[in-house]
Amino acid sequence: MSPELIILFGSFVVLLLIGTPIAFCLGAASLATVAYMGIPPLVVFQRLNSGISVFSLMAIPFFIYAGDLMIRGGIAERLVRFAGSLVGHLRGGLGQVNIAASTLFGGISGSAVADASAIGGLMIPQMQKRGYDTAFAVNVTVSSAIIALLIPPSHNMIIYSLSAGGSISIADLFTAGIVPGLMLAAALMLVTWIVARKRGYPAEAFPGWARVATYAVAAFPGIILIGIIFGGVRSGVFTATESSCIAAVYALLVTVLVYREMSLKDFKDATFGAVRTTAMVLLVIGCAASFGWLLAFFQVPSAMVAFMRSISNDPIVIFLLINLLLLFLGTFMDMSPLIIITTPIFLPVVTAFGMDPVHFGAILILNLGIGLCTPPVGAVLFVGCAVGRISIWEAMRSIWPFYGASIAVLMLVTYVPAFSLWLPSMFR
């Protein structure tokens, strides 16, 4: 390894270990490396600026804003009631409702953290009152929150497309995540049913089809947004960025004019919350872009392809190794910078072994989503534990069945390309 790479990775790891925020780890490591090389530090800031000066990235703040408006405007509550009427009568009823609601809300927010916060804030207290173990309620919440990363609109899919050079269709990526997302929901519901049966957790009474219809009508203005976003992008009527703007305007109109639950304070909180979140995300993306440029400058992707070929020429082995490495990286790095850093490294590897880039996008998002539920840097796990008011280690003691279900789905998606490629092929 060259001295420049040692400085790049070494400074990054040291800063990460001492608790430096990830954006500053990436930026400082890039600055230290170019300083050693004698390159003007201005280059790093130019790369940072070019990394965030991309029109498609405008979709991220608007999707985040739309999600915040929906959380504060009553849409999440109506989705939970509708999901409860559909699956609450299954064993472990409130756990099943939690997963179904996360699937529906994920199709609107596209954010795992927002999902865990909104659905967890509603469901975890209810589950506690009904006699469910708090750790179980948190485990269900954080595990099902990553479904939001796969069901469109997922802004992480947009980041992946841009990290791959913008050559991968965002519409195809949105479509590719639907079946894996539903598979994950089904797997988690099965695990919830097994655990609930073992522990004797109750099922809720079926409210009747009339009540289901009532809840469906109440939730319909929120649910229809899924169709607007996906249908518009998939049909080419508007781009992902334009759909995010439509989503934000639509969410504001629904919460103010239809549900009438959006107060001026809620509007201000949603606006400032979206601004803060967007600033953090874009800073990470910009610093990761400068870090990724240095990786490309030192030809790390081509070196990785050669290294993987030296280990094995069997795609099954290579894909397994990449999944294991990504799962490991996901335990101590956040999702957005990992997508930007690892995509230029591993995409050439998987394509060299015959994997479709859209297929790899579904694998990458699911894999790194699991990392959001693992310590020591699991943002979704932190949110779930904060809502449930338990420690990380209390949640970790009983989360393993949910990890097992998530990894089983990951392996199926990895080795059966049809799960992620069949639906996109239907629209071509």
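Residues numbered from 1 in each chain as written. Predicted model: local features only at pLDDT ≥ 70, side-chain atom pairs only at ≥ 80, totals over all residues. Heavy atoms only, no water.

K.L.:
Give a detailed account of the nonpolar core, specifying residues and quantitative values.
P.N.:
The biggest cluster of nonpolar side chains holds 152 residues, and the ones touching the most others in it are Phe12, Ile322 and Phe360. Tallying contributions element by element places helix 11 (residues 178-199) first for this core, with 11 residues. The residues contacting Ile322, other than those within four sequence positions of it, are Met308, Phe346, Val349, Val350 and Phe360. (Core = buried A, V, L, I, M, F, W, Y, C linked by side-chain atoms within 4.5 Å. Buried < 20%, exposed > 50% of the residue type's maximum accessible area, 1.4 Å probe, protein only. Helix = DSSP H or I, 4+ residues; strand = E, 2+ residues; numbered from the N terminus. Contact = heavy atoms within 4.5 Å.)

K.L.:
Tell me about unusual backbone geometry, residues and numbers included.
P.N.:
Notably, Gln299 is not glycine yet its phi reads approximately 60°, a positive angle. Notably, Arg389 is not glycine yet its phi reads approximately 60°, a positive angle. Looking at the element boundaries, Arg389 is found in the loop between helix 19 (379-388) and helix 20 (392-396).

K.L.:
Hey, could you go over the pattern of salt bridges for me, with residue numbers and the actual values?
P.N.:
One pass over the structure, following the stated rule, counts two salt bridges. Here Glu261 and Arg78 are joined by a salt bridge, their closest N and O atoms 2.9 Å apart. Of this pair, Glu261 sits in the loop between helix 13 (240-258) and helix 14 (264-297) while Arg78 sits in helix 5 (residues 75-87), and the two are 183 residues apart along the sequence. Since its relative accessible area comes to 13%, Arg78 is described here as buried. For Lys265, the salt bridge identified is with Asp269, shortest N-O distance 2.9 Å. With Lys265 and Asp269 both in helix 14 and four residues apart, the pair spans about one turn of that helix. Judged by its relative accessible area of 26%, Asp269 is partly exposed. (Salt bridge = Lys/Arg side-chain N within 4 Å of Asp/Glu carboxyl O.)

K.L.:
An account of the packing of helix 7 (residues 112-129) against helix 19 is requested, with residue identities and associated values reported.
P.N.:
At a minimum axis separation of 9 Å, helix 7 and helix 19 run at an interaxial angle of 30°. Accordingly, the angle class assigned to the pair helix 7 and helix 19 is roughly parallel. For the pair helix 7 and helix 19, the sense of crossing is right-handed. In this structure, helix 7 contributes Ala112, Val113, Ala116, Ser117, Gly120, Gly121, Ile124 and Gln128 to the contact, and helix 19 contributes Ala379, Val380, Val383, Gly384, Val387 and Gly388. Its residues assigned to classes, the contact of helix 7 with helix 19 comprises eight nonpolar, six polar and no charged. (Axes fitted to C-alpha atoms, helices over the stretch in contact; angles between N-to-C directions. Parallel < 35°, antiparallel > 145°, perpendicular 65-115°, else oblique. Left-handed = near helix turned anticlockwise from the far one by under 90°. Nonpolar A, V, L, I, M, F, W, Y, C, P; charged D, E, K, R; others polar.)

K.L.:
Can you explain the packing of helix 5 against helix 12 (residues 209-235)? Please cite residues and give values.
P.N.:
It is the contact of helix 5 with helix 12, at a shortest axis distance of 8 Å, that shows an interaxial angle of 140°. Between helix 5 and helix 12, the crossing angle belongs to the class labelled oblique. Our pair here, helix 5 against helix 12, has a crossing hand that is left-handed. Across from Ile75, Arg78, Leu79, Arg81, Phe82, Ser85 and Leu86 in helix 5, the residues of helix 12 making contact are Val212, Tyr215, Ala216, Ala218, Ala219, Gly222 and Ile223. Its residues placed into classes, the contact of helix 5 with helix 12 shows 10 nonpolar, two polar and two charged.

K.L.:
Give a description of the packing of aromatic side chains that names residues and reports values.
P.N.:
Taken as a whole, this structure holds 11 aromatic pairs when the rule is applied. Judged by centre distance (5.2 Å) and plane angle (70°), the ring pair of Phe206 and Trp209 falls under edge-to-face. Ring centres 5.3 Å apart and planes at 80° place the aromatic pair Phe297 and Phe298 in the edge-to-face group. In this structure an aromatic cluster arises from ring pairing among Tyr132, Phe136, Tyr201 and Phe402. Against the face of Tyr259 rests Arg78, its NZ or CZ located 3.8 Å from the ring centre. Looking at Arg309, its charged tip hangs above the ring of Phe353, at a distance of 4.8 Å from the centre. (Phe/Tyr/Trp six-rings, centres within 6.5 Å; stacked < 30°, edge-to-face > 60°. Lys NZ or Arg CZ within 6 Å of the ring centre and 35° of its normal.)

K.L.:
Which residues make up helix 14, and what are the values?
P.N.:
What sets the pattern is the α-helix's 3.6 residues per turn: residues three or four places apart point alike. An ideal rise of 1.5 Å per residue puts 50 Å on 34 residues; helix 14 measures up with 49 Å between its terminal C-alpha atoms. Positive phi shows up at Gln299, right after helix 14, with a value of about 60°. (Expected span 1.5 Å × (residues − 1).)

K.L.:
Any details on the state of the cysteines? Residues and values, ideally.
P.N.:
One pass over the full model with this rule turns up zero disulfides. Here Cys287 stays unpaired: no disulfide links it, and the sulfur of Cys25, its closest cysteine neighbor, is 9.8 Å away. Among the residues examined, Cys287 registers a relative accessible area of 7% and is labelled buried. Considering cysteine sulfurs only, Cys373 is the nearest to Cys385, which forms no disulfide, with 10 Å between them. (Disulfide = S-S within 2.5 Å.)

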